[in-house]
Amino acid sequence: MRHEEARRRALKRRAILIGVPVALLAFVVGAKLLRGGSSGTEEKETPAQLVARQRARENRAIDRVLGYTTFIKSGKGRKREVALTFDDGPSEYTDRVLRILRRTNTPATFLVIGSMVRERQGTLRKIVRQGQAVGNHTDSHPAMGTLDAVSQSREVDDQERAVKEAGARERRLFRPPYRSFDESTLELLAERKLLMVLWSVDTSDYESPDPREMAHDVLNQVEPGSIILMHDGGGDRTATVRALPDIIKGLKRRHLKPVTVPRLVLDDPPPRDQGMPEGTLKG
Ligand SMILES: [Zn+2]
């Protein structure tokens, strides 16, 4: 009897030894099958997580570009993407610009002034909530090239603080007012890991031309990779607001997709051999 029982126990042990790994294997295979062909992690991501992941990718792309240049004035033009940029806001015109962008599902980038942000914190939050990109356009809009290094860094930092106090956190892009900068500006931007955003198409909307003419001029000049300079503040922007729907329509007709500047940097980074724009380095 004793002998019988020992044999039964041995068999049971062997069944466990084989059975446990088989069950584990079945469990793993089953779990994989349940997840199916599409990636399980992406399915579980919330929209906010997706946005955060995209933002992180764009920030890494900006870091890569900062490894070989201090600025972007356009992409290489390898994709049919362009970037609409708005300077000098937020202002009383920004809401109208945002409505047009939302209605037409158009991403854009706003280079905002610190002193303007302090007056219109709600508008800045609206820009961010709508998923638009935000960059630094100094605190009081001086010609950076005329300031000493300390004053320049104060301009950048005070703007950043104003944006932060309004509840936004974006800080990777910088546009120099009047396109004025010098060696100190470039050192400062490198230190703060800010990419200088220039442009390749100027709407000249600060001269308040006829909206139709403005749209026509922009669409004549625009090409893949273009960064388009516009203004949503700093004066009467009625013409810009009127021209915007035609500009967007024209871009779409040319199969040019508007994206934010960080997205353009990710998808179509600036060429490595872009020359420093002439006449912009001022002592
Ligand atoms: Zn400006």
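That block above? That's the structure.
We now turn to the structure provided with this report. (Residues numbered from 1 in each chain as written. Predicted model: local features only at pLDDT ≥ 70, side-chain atom pairs only at ≥ 80, totals over all residues. Heavy atoms only, no water.)

With that settled, the discussion passes to the overall build of the protein chain. Across its full length, the protein chain carries eleven helices and nine strands. With 283 residues in all, the protein chain has 44% of them scored as buried. For the protein chain, contacts bridging at least 24 residues in sequence account for 81% of all contacts bridging at least 6. Surface exposure of the protein chain reaches about 15,700 Å², of which carbon and sulfur atoms provide 51%. (Helix = DSSP H or I, 4+ residues; strand = E, 2+ residues; numbered from the N terminus. Buried < 20%, exposed > 50% of the residue type's maximum accessible area, 1.4 Å probe, protein only. Contact = heavy atoms within 4.5 Å. Areas by Shrake-Rupley, 256 points an atom, 1.4 Å probe, with all protein chains shown as cover.)

On to the coordination of the zinc ion. The expected angle between donors at a tetrahedral four-coordinate metal is 109.5 degrees. At an octahedral six-coordinate metal it is 90 or 180 degrees. Coordination of the zinc ion by the protein is provided by Asp 88 (OD), His 137 (NE2) and His 141 (NE2), with metal-donor distances spanning 2.0 to 2.1 Å. Binding-site remark: the zinc ion is held by donors from one chain whose sequence spacing is D-x48-H-x3-H. Taken as a pair, His 137 and His 141 share a single burial class, namely buried. (Donors = N, O, S within 2.8 Å, 3.2 Å for Na, K, Ca; no water.)

With that out of the way, let us pick up the layout of surface pockets. Taking a probe equal in size to a water molecule and rolling it over the atoms shows the remaining empty space. Estimates place the volume of the largest pocket at around 960 Å³. What lines the largest pocket is a set of 34 residues, and nearest its centre among them are Val 51, Arg 55, Glu 58, Gly 131 and Gln 132. Of all the secondary structure elements, the ones that give two or more residues to the lining of the largest pocket are α3 (47-66), α4 (94-103), α6 (121-129), β4 (133-136), β9 (257-258) and α11 (261-267). Among the elements that make up the lining of the largest pocket, the one with the highest residue count is α3 (seven residues). Taken as a whole, the second largest pocket holds about 230 Å³ of empty space. Tallied by class, the residues present in the lining of the second largest pocket amount to six nonpolar, three polar and six charged. (1 Å grid on protein atoms, 1.4 Å probe; cavity = no way out; pocket = protein on both sides within 12 Å on 5 of 7 lines; lining within 4 Å. Points joined across faces, edges and corners; volume = space filled by probe spheres on them. Nonpolar A, V, L, I, M, F, W, Y, C, P; charged D, E, K, R; others polar.)

Side chains of Arg 96, Arg 99, Arg 102, Arg 103 and Arg 242 sit close together on the surface and give a patch of like positive charge. With four residues, α4 is the largest single contributor of residues to the positive patch. Tracing the chain through its elements places Arg 103 in helix α4. Judged by its relative accessible area of 62%, Arg 103 is exposed. (Patch = residues over 30% accessible without salt bridge, like charges linked within 9 Å, V, L, I, M, F, W, Y side chains within 5 Å. Salt bridge = Lys/Arg side-chain N within 4 Å of Asp/Glu carboxyl O. Lys, Arg positive; Asp, Glu negative; His and termini not counted. Charge placed at Lys NZ, Arg CZ, Asp CG, Glu CD.)

Judged by nonpolar contacts, the single largest core of 35 residues is most densely connected at Leu 84, Phe 86, Phe 110, Leu 124 and Leu 244. Of all the secondary-structure elements, those providing two or more residues to this core are β2 (81-87), α4, β3 (109-112), α6, α7 (149-165), α9 (211-221), β8 (227-231) and α10 (238-253). With seven residues, α10 is the largest single contributor of residues to this core. By size, the runner-up hydrophobic cluster in this structure holds 27 residues, among which are Leu 173, Leu 188, Met 196 and Val 197. (Core = buried A, V, L, I, M, F, W, Y, C linked by side-chain atoms within 4.5 Å.)

Turning to the pattern of salt bridges, a few remarks are in order. Under the counting rule described, the total for this entry stands at eleven salt bridges. With a shortest N-O distance of 2.3 Å, Arg 192 and Asp 157 are connected by a salt bridge. Residue Arg 192 is found in helix α8 (residues 183-192), and its partner Asp 157 is found in helix α7; the two are separated by 35 residues along the sequence. Among the salt bridges present, the one from Lys 249 reaches Asp 246, with a minimum N-O distance of 4.0 Å. Taken together, the residues span about one helical turn, with Lys 249 and Asp 246 both in helix α10 at a distance of three residues. Here the residues in one salt-bridge network are Asp 157, Glu 191 and Arg 192, joined through shared partners.

Because side chains alternate across β3, one face comprises the buried residues Thr 109 and Leu 111, and the other comprises Phe 110 and Val 112, equally buried. Both β2 and β3 contribute to a ladder of three bridges, which runs parallel. Bridge assignment links Thr 85 to a residue of β3, and that residue is Thr 109. The parallel pair β2 and β3, bridged by α4, forms a crossover whose chirality is right-handed. Judged from the four bridges that link them, β3 and β4 form a sheet pairing that is parallel. Looking at β4, one finds that Phe 110 is bridged to Val 134. (Pairing = 2+ DSSP bridges. Right-handed = clockwise from strand over helix to strand, strands pointing away.)

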